[in-house]
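Summary of structural features
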Amino acid sequence: MIRYALICDNGHGFESWFASSSGFDEQARRGLVACPFCDSIKIERGVMAPAVARTDRGPRPSEQAEPAETPAAEAPAPATPAPVALMGEKEVAFRAMLTALHDHVAKNAEHVGPRFAEEALKIHHGESEGRAIYGEATAEDAKMLNEEGVDFLPLPKLPGARN
C-alpha cells in the first residue's frame, strides 16, 4: 500500500491510500479519486518525502530481536489496531444538512435541468413567471448570470453521489 499526499485543482490537500502507483494513476484517469472538500476530480500527487529505512547503521536497540529462549506462550499478543472513524460527528451532521437541503429544494422548486441559465435570465427580465428553479449551469453560464445581476446560489453535490 502507498499513501499519497494529494491536491485538487482548487488547492485542497488531503491524503489517500492506493495499492500501487499505477493504481492511483488508473483511478485518477477514470475520475474515481475526488477531493473530499469540493468533489473535484482533477487530482494530482503533492510533494512528499518518502519514508525510507536506513540499512547502513544496523538495527536500533528497539528493533533487535528478542532472545530465542522466550517461550511463545509468554510472548505478548500483537496489538489490535483501534477502529478508525471515516467521518467524525461534524462530517455526519454536515452531510445530513446537505441531504436535507437537497430534499427541500427538490420539493419546493422546479427542476429545469440544463436550461437553468436560460430560464433564470427569463425570470430576471420578467419574460417568465417568477418561481424557484434549480438545474445545471456551466461556469460560463454562472459568469453570465452574475454579470446580468441574477441572484442564484450553487447547490453543492451530495457527498455520496460519487462514492
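Predicted model, so just to flag it, every value in this text is computed and none were measured.

About the cut-offs
Residues numbered from 1 in each chain as written. Predicted model: local features only at pLDDT ≥ 70, side-chain atom pairs only at ≥ 80, totals over all residues. Heavy atoms only, no water. Axes fitted to C-alpha atoms, helices over the stretch in contact; angles between N-to-C directions. Helix = DSSP H or I, 4+ residues; strand = E, 2+ residues; numbered from the N terminus. Parallel < 35°, antiparallel > 145°, perpendicular 65-115°, else oblique. Contact = heavy atoms within 4.5 Å. Nonpolar A, V, L, I, M, F, W, Y, C, P; charged D, E, K, R; others polar. Pairing = 2+ DSSP bridges. Right-handed = clockwise from strand over helix to strand, strands pointing away.

Now for the packing of helix α3 (residues 116-124) against helix α4 (residues 139-148). Close contact between α3 and α4 brings their axes to 10 Å; oriented N to C, the two are set at 10°. Compared by their axis directions, α3 and α4 come out roughly parallel. Taken together, the residues of α4 that come into contact with α3 (itself represented by Phe116, Ala117, Ala120, Leu121 and His124) are Asp141, Met144, Leu145 and Glu148. The class makeup of the residues in the contact of α3 with α4 is six nonpolar, one polar and two charged.

With that settled, consider the pairing of strand β4 (residues 110-113). As judged from the three bridges shared by β4 and strand β5 (residues 133-135), these two strands associate in the parallel manner. Each bridged residue has a counterpart across the sheet, and for Glu110 the counterpart in β5 is Ile133. For the crossover that starts at β4, traverses α3 and ends in the parallel β5, the hand is right-handed.

Purely geometric stuff here, so don't read any function into it on its own.
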